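A structural walkthrough
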Amino acid sequence: MYPWRKQSVTLKDTSQLDGEPLLRVVDLVRHYHLPRERLFTAPEKIHALNGVSFDVAAGRSLGIVGESGSGKSTLARLVMALERPTSGSVIFRGRNLNGMTAAELRAARRDFQMVFQDPYSSLDPRQRVERIVAEPLSAHAIASREEQRDRASAALKAVGLRAGDLDKYPHEFSGGQRQRIAIARALITRPRLIVADEPVSGLDVSVQAQVLNLLVDLRAEFGITFLLISHDLAVVDHMCEDVAVMKAGRIVEAGTADAIFKDAKHPYTQELLGATP
């Protein structure tokens, strides 16, 4: 039904050997240096992440929650290998992403994709939807131009849009439809992991529900593992079996969603739950 689901894999998949998780984050640290304020003083250092570790099993979804500035988006960028950590490892399918060559990392990116927070800025307004959605196929030289259009059409249908939308531009769609286009682009290589960084925070409440339900349906249909970054506990509760709570660059509490939401142990987690309508 969806021809783009037949994409072949070139990397050896070792993630299921001996029960190894699909994604493993080990003692991840990321520091940033601010511009030097004075000539003879050391630049100030921001500790965005301080020893973050967790596993995500294939087929499960982990929600990372916390207030703004807790390090969630920094974590997402490191998991996606968009930045290098100060120290620590991101191990995907049994391989350390930061130990790969450029060619190996490029090939690995077929299997992990990202959905960004703002559908307005993540889509090039000068490009038609066909080129936007098929961009990962072009980047990895997958399929002919005609096959890419067929796969892009199938991906749009999978997210509830029409094949005829391929020839339109992003400005012709609503915010929720643009996020669906972004999700179609993430789906087109049939990734094993999707990192979703606040994927519905910029949408109206009614549209948020539609997009969340779409993600849940796609996960059930294609077996995708999600790493969901959000400040909204209700969003995480809707999508994820597992939850990790971040504060000041550290995970202060982690467990199943049922355990966290019914019997939170850490005062910060209790504070977040108490502030949730």
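Our subject is the structure that appears above.
Report follows, based on the coordinates. (Residues numbered from 1 in each chain as written. Predicted model: local features only at pLDDT ≥ 70, side-chain atom pairs only at ≥ 80, totals over all residues. Heavy atoms only, no water.)

Here the focus is the sheet that holds strand E8 (residues 225-230). Ordered by their spatial adjacency, six strands build an open sheet running E6-E7-E8-E3-E9-E10, and the pairing between neighbours is mixed. Two strands close off the open sheet at either side, each with one partner strand: strand E6 (112-115) and strand E10 (250-256). Within the sheet, the average angular offset between the axes of one strand and its neighbour, ignoring direction, is 15 degrees. Examined bridge by bridge, strand E3 (residues 61-65) and E8 share five bridges and lie parallel to one another. Paired with Gly 63 across the strands is Leu 228, a residue of E8. (Pairing = 2+ DSSP bridges. Helix = DSSP H or I, 4+ residues; strand = E, 2+ residues; numbered from the N terminus. Axes fitted to C-alpha atoms, helices over the stretch in contact; angles between N-to-C directions.)

Our next topic: the packing of helix H5 (residues 175-187) against helix H6 (residues 205-222). Between two packed helices, what matters for the description is the angle formed by their axes and the separation of those axes. Close contact between H5 and H6 brings their axes to 10 Å; oriented N to C, the two are set at 20 degrees. Relative to H6, H5 is oriented roughly parallel. In this structure, the crossing between H5 and H6 has a hand that is right-handed. On the side of H5, the interface is formed by Gly 176, Gln 179, Arg 180, Ile 183 and Leu 187, while H6 contributes Val 207, Gln 210, Val 211, Leu 214, Leu 215, Leu 218 and Phe 222. Across the contact of H5 with H6, the residue classes tally to eight nonpolar, three polar and one charged. (Parallel < 35°, antiparallel > 145°, perpendicular 65-115°, else oblique. Left-handed = near helix turned anticlockwise from the far one by under 90°. Contact = heavy atoms within 4.5 Å. Nonpolar A, V, L, I, M, F, W, Y, C, P; charged D, E, K, R; others polar.)

What follows covers the environment of Gly 69. As for its placement among the helices and strands, Gly 69 is situated in the loop between E3 and helix H1 (72-79). Along the sequence, Gly 69 and Gly 51 sit 18 residues apart, while their C-alpha atoms lie 16 Å from each other.

A few words now on the packing of aromatic side chains. Ring pairs (aromatic) are described by centroid distance and by the angle formed between their planes. Under the definition given, this model contains one aromatic pair. With a centroid separation of 5.2 Å and an interplanar angle of 70 degrees, the aromatic rings of Phe 92 and Phe 112 are classed as edge-to-face. Placement of the pair is Phe 92 in strand E4 (residues 87-92) and Phe 112 in strand E6, with a sequence separation of 20 residues. Grouping residues by exposure puts Phe 92 and Phe 112 together as buried. (Phe/Tyr/Trp six-rings, centres within 6.5 Å; stacked < 30°, edge-to-face > 60°. Buried < 20%, exposed > 50% of the residue type's maximum accessible area, 1.4 Å probe, protein only.)

Our focus in this paragraph is the pattern of salt bridges. Here the structure, examined in full by the defined rule, presents 16 salt bridges. Close ionic contact of Arg 95 with Glu 104 constitutes a salt bridge, the shortest N to O distance being 3.3 Å. Note that Arg 149 is salt-bridged to Glu 130, the shortest N-O span being 2.4 Å. Placement of Arg 149 in helix H4 (residues 145-158) and of Glu 130 in helix H3 (residues 129-139) is noted, with a sequence separation of 19 residues between them. Given a relative accessible area of 29%, Arg 149 falls into the partly exposed group. (Salt bridge = Lys/Arg side-chain N within 4 Å of Asp/Glu carboxyl O.)

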